[in-house]
Amino acid sequence: MSSGQSQDPAWLESWLVNSIDIGLVFAVAYIVLVIIGERRTLWMVRGFIVLMLATAISNWANLRLLYIALNSLVTGSAVAMAVILQSEFRQFLEKLGRGEVLQLFAASRKGIPETDGVIDQIVEAVKELSQNRTGALIIIEIGSPIDERDFSVPGVRLNAEVSRELLQTIFQPKTLLHDGAVLIRASRVAAAGVILPLSERIASRQLGTRHRAAMGITEKVAKCVCIVVSEETGSISLADKGVLNRPLTSSKLKELLEARSFVAGDDRTKPPISIDTLKRRIGLKRWSFISQVFRFRSSASREKK
Ligand SMILES: Nc1ncnc2c1ncn2[C@@H]1O[C@H](COP(=O)(O)OP(=O)(O)OP(=O)(O)O)[C@@H](O)[C@H]1O
């Protein structure tokens, strides 16, 4: 840099404006990554950010043809994302319109809603099913609903209160709904007979399709956990993010479910996240931001293994 250039106020001003511009883009990207809790959506947004960065670099380096190609790709991807994430965009705009900006950050913190001892009812049912060696598969949604397209077959809608008796009855081998999984959504039994995608991985030779189905759905959807009771051995497992935690005692299962739950009460009654909590969360994620943006490929391949 020449001394004449560094003293030129116009050059300084443009340098400052550019720096603020880049800083704001990074801040917006960072906030979006903090808000998004769902793993697959996160990958998509990271991919999009990388694409935008590549477009900006090609423009800066004056690579015209590459810039035109990348720019078209960014426009196409933006349209595709708007279609794929239609409901998320709607929720986002609604919250923004209502001025509930801080609640956007609270969204990714949702856990298993623990109302009226739902976890107790589930754990009691699982304990009995395990003692009687009745096979069972229970998916519990965490936070926002799973997209039905993530299931191979969405099953039969029930919308019933969660109870130990109902869960035990559904999995009795002579009932019509015993095959497949039960879906627990917002403290209700939303559906039964749900067929889940199978994982490509094999955790153990002794484990068959029921366990692979639990791994499959939790690999595909981060916002759920899946309980498996083996018909053959009565063993209890909990699948979370594609990993089977097993064998578990019923008290360990309760502990793990509670660790994933919202400390107490229905999430709708929770106060909005405080500024201090928000600051703490942003502080915790600060150092991983750059790697979140640039290492999306390596983390994706690690999770596949
Ligand atoms: N994709 C799926 N989605 C939901 N449920 C499934 C799926 N695949 C299998 N199941 C359930 O698992 C049952 C078959 O279990 P299988 O014996 O193959 O599995 P497993 O992991 O060895 O379990 P277990 O130890 O209970 O025998 C089916 O009858 C069905 O109820």
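Because the structure is a prediction, the values reported are computed rather than measured. (Residues numbered from 1 in each chain as written. Predicted model: local features only at pLDDT ≥ 70, side-chain atom pairs only at ≥ 80, totals over all residues. Heavy atoms only, no water.)

Turning our eyes to something else, we now look at the UniProt feature "transmembrane region" (unreviewed entry) in the chain. Under the present numbering, the feature "transmembrane region" (unreviewed entry) in UniProt falls on residues 15-36 and 67-85. In the segment residues 67-85, helix accounts for 95% and strand for 0%; the C-alpha atoms at its two ends are 26 Å apart. (UniProt positions renumbered as here; feature names shortened; annotations may be inferred. Helix = DSSP H or I, 4+ residues; strand = E, 2+ residues; numbered from the N terminus.)

Taken together, 16 residues are adjacent to the ligand, and Asp179, Thr209, His211, Ser230 and Glu231 come closest. In the model, an oxygen atom of the ligand is placed 3.2 Å from a nitrogen or oxygen of the Gly180 main chain. The side chain of Thr209 places a nitrogen or oxygen atom 2.6 Å from an oxygen atom of the ligand. A total of 4 residues in the shell around the ligand trace back to one element, the largest contributor, which is helix H9 (residues 209-220). Its residues placed into classes, the shell around the ligand shows 7 nonpolar, 5 polar and 4 charged. (Near = heavy atom within 4 Å. Polar contact = N/O pair within 3.5 Å; in protein donor to acceptor, adjacent residues only side chain to side chain. Nonpolar A, V, L, I, M, F, W, Y, C, P; charged D, E, K, R; others polar.)

Within the secondary structure, Gln168 is located in helix H8 (residues 164-170). Discounting chain neighbours no more than four positions away, the residues touching Gln168 are Ala125, Glu128 and Leu129. (Contact = heavy atoms within 4.5 Å.)

Residues Ile122, Ile138, Leu167, Ile184, Ile227, Leu253 and Leu257 are the most contacted members of the largest nonpolar core, which totals 28 residues. Counting residues per element, the ones that place at least two in this core are helix H7 (118-131), strand E1 (136-141), H8, strand E3 (181-185), strand E4 (188-194), strand E5 (224-229), strand E6 (236-240) and helix H10 (250-259). It is H7 that contributes the most residues to this core, 7 residues altogether. With 21 residues, the next largest nonpolar core counts Leu196, Leu207, Val228 and Leu244 among its residues. (Core = buried A, V, L, I, M, F, W, Y, C linked by side-chain atoms within 4.5 Å. Buried < 20%, exposed > 50% of the residue type's maximum accessible area, 1.4 Å probe, protein only.)

Turning to H9, a few remarks are in order. A rise of 1.5 Å per residue sets the reference length of H9, with its 12 residues, at 16 Å; its end C-alpha atoms lie 16 Å apart and thus fit the reference within 8%. Turning to H9, its buried residues number three or more, namely His211, Ala213, Ala214, Met215, Gly216, Ile217 and Thr218. (Expected span 1.5 Å × (residues − 1).)

Considering all chains together, one arrives at 9 salt bridges under this definition. We note a salt bridge from Arg164 to Glu165, for which the minimum N-O separation is 3.6 Å. Exposure remark for Arg164: the relative accessible area of 29% places this residue in the partly exposed category. Judged by relative accessible area, which is 45%, Glu165 ranks as partly exposed. Among the salt bridges present, the one from Glu219 reaches Arg201, with a minimum N-O distance of 3.0 Å. Of this pair, Glu219 sits in helix H9 while Arg201 sits in the loop between E4 and H9; the two residues are 18 residues apart in sequence, bridging distant segments of the chain. (Salt bridge = Lys/Arg side-chain N within 4 Å of Asp/Glu carboxyl O.)

Orientation of H7 relative to H10, taken along the N-to-C sense of each, is 150°, at an axis distance of 10 Å. If you check the angle between H7 and H10, you find them roughly antiparallel. Relative to H10, the crossing made by H7 is right-handed. Taken together, the residues of H10 that come into contact with H7 (itself represented by Ile119, Asp120, Val123, Val126 and Lys127) are Ser250, Leu253, Lys254, Leu257 and Glu258. (Axes fitted to C-alpha atoms, helices over the stretch in contact; angles between N-to-C directions. Parallel < 35°, antiparallel > 145°, perpendicular 65-115°, else oblique. Left-handed = near helix turned anticlockwise from the far one by under 90°.)

Another point: helix H5 (residues 86-97). With 12 residues, H5 extends 16 Å from end C-alpha to end C-alpha; this agrees with the ideal 16 Å at 1.5 Å per step. Where H5 ends, the next residue or the one after it, Gly99, has phi of about 75°, a positive value.

Moving on to the environment of Ser235. Here Ser235 is to be found in the loop between E5 and E6. For the pair Ser235 and Val126, spaced 109 residues apart in the sequence, the C-alpha separation amounts to 9.9 Å. If we ignore the near neighbours within four places in the chain, the residues touching Ser235 are Val228, Val229, Ser230, Arg246 and Pro247.

The next point concerns the pairing of strand E7 (residues 243-248). Looking at chain direction, E6 and E7 are connected through 4 bridges and run antiparallel. Among the inter-strand pairings, Asp240 is bridged to a residue of E7, identified as Val243. From the end of E6 to the start of E7, which pair antiparallel, there are 2 residues, and Lys241 there has a positive phi angle of about 50°. (Pairing = 2+ DSSP bridges.)

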